[in-house]
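Structural overview for review
Now for the letters of each chain:
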Amino acid sequence: MISEKVTPWYVLNSPETGQPFQDFYDAVTKGGVLDTKTRELLMLSLASAFRCPHCTESHIKAALEAGVTKEEITEALLITAVEAAGTQLNWAREIYLKYLGNSHKESL
């Protein structure tokens, strides 16, 4: 699939900072030691955790184009969900303890 390159809005409106950001994005998403499948699964996982619908859709499509299977995408999203839930519980724990204290023996 050939797609037309579109200049991002932030590059058009703030080229002094927008273009270096785009260059960084391109370098990270197109280079490095990780293969495309792994890179897209990571990007998909992060897009899902950050709740970006456009990004999630974009990275599901790119993952499929890179040869990632439906099962691999599903597993990556489940891993993301588990990690996000654990993070949320640990974040809430601090506030819970601050206001409600700990009446039970605490374990890590």
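To start, this report covers the structure provided alongside it. (Residues numbered from 1 in each chain as written. Predicted model: local features only at pLDDT ≥ 70, side-chain atom pairs only at ≥ 80, totals over all residues. Heavy atoms only, no water.)

Things to note about unusual backbone geometry
For Arg51, which is not a glycine, the phi torsion comes out positive at approximately 60°. Classification of Arg51 as exposed rests on a relative accessible area of 73%. (Buried < 20%, exposed > 50% of the residue type's maximum accessible area, 1.4 Å probe, protein only.)

Remarks on a nonpolar patch on the surface
Together, Trp91, Ile95, Tyr96, Tyr99 and Leu100 make up a nonpolar patch on the protein surface, roughly 630 Å² of accessible area in all. Residue position: Leu100 is located in helix H5 (residues 70-100). (Patch = residues over 30% accessible without salt bridge, like charges linked within 9 Å, V, L, I, M, F, W, Y side chains within 5 Å. Areas by Shrake-Rupley, 256 points an atom, 1.4 Å probe, with all protein chains shown as cover. Salt bridge = Lys/Arg side-chain N within 4 Å of Asp/Glu carboxyl O. Helix = DSSP H or I, 4+ residues; strand = E, 2+ residues; numbered from the N terminus.)

A word on helix H2 (residues 15-30)
The end-to-end C-alpha distance of H2, which contains 16 residues, comes to 21 Å, matching closely the 22 Å that a straight helix rising 1.5 Å per residue would cover. Close packing links the buried residues of H2 with helix H1 (9-13) and helix H3 (36-49). The positive-phi residue at the C-terminal boundary of H2 is Gly32, with phi of around 95°. (Expected span 1.5 Å × (residues − 1). Contact = heavy atoms within 4.5 Å.)

Regarding the state of the cysteines
Per the counting criterion, the structure on display carries one disulfide. There is a disulfide in this structure between Cys52 and Cys55, and the S-S distance comes to 2.5 Å. Linking Cys52 and Cys55, the disulfide has an S-S dihedral of approximately 60° and is accordingly described as right-handed. Judged by its relative accessible area of 23%, Cys52 is partly exposed. Take Cys55: its relative accessible area is 28%, and that puts it in the partly exposed class. (Disulfide = S-S within 2.5 Å.)

Comments concerning the environment of Leu34
Within the secondary structure layout, Leu34 lies in the loop between H2 and H3. Note on Leu34: relative accessible area 42%, which makes it partly exposed. Other than its neighbours up to four places away in sequence, Leu34 contacts Arg39 and Leu42.

With respect to the packing of aromatic side chains
By the definition in use, this model includes two aromatic pairs. With 5.7 Å between their ring centres and 85° between their planes, Trp9 and Tyr10 make a pair best called edge-to-face. You can call Trp9 exposed: its relative accessible area is 63%. With 5.5 Å between their ring centres and 80° between their planes, Tyr10 and Phe21 make a pair best called edge-to-face. Note that Tyr10 is positioned in helix H1 and Phe21 in helix H2, a separation of eleven residues in sequence. Taking the relative accessible area as the measure of exposure, Tyr10 reaches 24% and is therefore partly exposed. Aromatic ring contacts, followed pair by pair, group Trp9, Tyr10 and Phe21 into a single cluster. (Phe/Tyr/Trp six-rings, centres within 6.5 Å; stacked < 30°, edge-to-face > 60°.)

Shape is all these values report; function is a separate question.
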